[in-house]
Each structure stands twice: as structure tokens, then as C-alpha cells.
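# Summary of the model geometry
Chain residues, written in single-letter form:
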Amino acid sequence: MIPILILFGLVFGRWWRSALAVAAVGWPALLLATNTLGVEPRLLTAAVLAVANTSVGVLIHQGVRRLLRRRQE
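About the thresholds
- Residues numbered from 1 in each chain as written.
- Predicted model: local features only at pLDDT ≥ 70, side-chain atom pairs only at ≥ 80, totals over all residues.
- Heavy atoms only, no water.
- Helix = DSSP H or I, 4+ residues; strand = E, 2+ residues; numbered from the N terminus.
- Rg over C-alpha atoms; globule rule 2.2 N^0.38 Å.
- Buried < 20%, exposed > 50% of the residue type's maximum accessible area, 1.4 Å probe, protein only.
- Contact = heavy atoms within 4.5 Å.
- Areas by Shrake-Rupley, 256 points an atom, 1.4 Å probe, with all protein chains shown as cover.
- Axes fitted to C-alpha atoms, helices over the stretch in contact; angles between N-to-C directions.
- Left-handed = near helix turned anticlockwise from the far one by under 90°.
- Nonpolar A, V, L, I, M, F, W, Y, C, P; charged D, E, K, R; others polar.
- pLDDT = per-residue confidence, 0-100.
- Patch = residues over 30% accessible without salt bridge, like charges linked within 9 Å, V, L, I, M, F, W, Y side chains within 5 Å.
- Salt bridge = Lys/Arg side-chain N within 4 Å of Asp/Glu carboxyl O.
- Lys, Arg positive; Asp, Glu negative; His and termini not counted.
- Charge placed at Lys NZ, Arg CZ, Asp CG, Glu CD.

## A closer look at the overall build of the chain
When helices and strands are counted, the chain shows three helices and zero strands. Its helices and strands in sequence order give the chain the pattern α-α-α, from N to C terminus. Scaling as 2.2 N^0.38, a compact globule of 73 residues should have a C-alpha radius of gyration of about 11 Å, whereas the chain reaches 14 Å, well beyond that. Counting all 73 residues of the chain, 26% fall into the buried class. Long-range pairs, those at least 24 residues apart, make up 63% of the contacts in the chain with a sequence separation of at least 6. With an accessible surface of roughly 5,300 Å², the chain has 68% of that area assigned to carbon and sulfur atoms.

Structure representation (C-alpha cells):
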């Protein structure tokens, strides 16, 4: 679970707002569709953790992007 969401953040980190929104909605939807969780309070926790893990990937993406821009100047 965690590596998938971090990888998602790494790949789509340029569009960080959309990536976080998709993680917040998409991951719980996937958990519901696969019958891993039902509609319960833990689903909200899963959404929060999905955003947190995706944020790690986004931050790494943005950091590398800024480093590369500084090296070009």
C-alpha cells in the first residue's frame, strides 16, 4: 500500500493538487471496490494515510525538480 502511493506521488508530483485529490478519493474507492473495507470510520483513516503517503512522493518529486532547475541556472 505505502510504496504504491509513494510511487504515485513520485510519478504525478508535478500535478500535486490533482495527485493528492485522486489519492484521497481513489484509494478509499479501491478499498471499497475490492471489499477490503466497508463504509466505516476506518475508511476516512485510509484516505488520510493515502494523502500522507502520496505527499511523501510529491515532496521528493518537487525537491528533485527544484534541484535540477537550480543546476541549470
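## Considerations on the packing of helix α2 (residues 16-33) against helix α3 (residues 41-72)
For the pair α2 and α3, interaxial distance at closest approach is 8 Å and the crossing angle is 145 degrees. α2 and α3 meet at a crossing whose hand is right-handed. Along the contact surface, α2 presents Trp-16, Ala-19, Leu-20, Ala-23, Ala-24, Trp-27, Pro-28, Leu-31 and Leu-32, while α3 presents Leu-43, Ala-46, Ala-47, Ala-50, Val-51, Thr-54, Ser-55, Val-58 and Gln-62. Residue composition of the contact of α2 with α3, by class: 15 nonpolar, three polar and no charged.

## As for the confidence of the model for the chain
In low-pLDDT regions, the fine details of the predicted coordinates are not to be read closely. Taken residue by residue, the chain gives an average pLDDT of 94. The fraction at 70 or more is 100%. Averaged over each element, pLDDT in the chain is lowest for helix α1 (residues 2-11) (94) and highest for α2 (96).

## Things to note about a positive patch on the surface
Together, Arg-14, Arg-66, Arg-69 and Arg-70 give the surface a local cluster of positive charge. Among the structural elements, Arg-70 can be located in helix α3.

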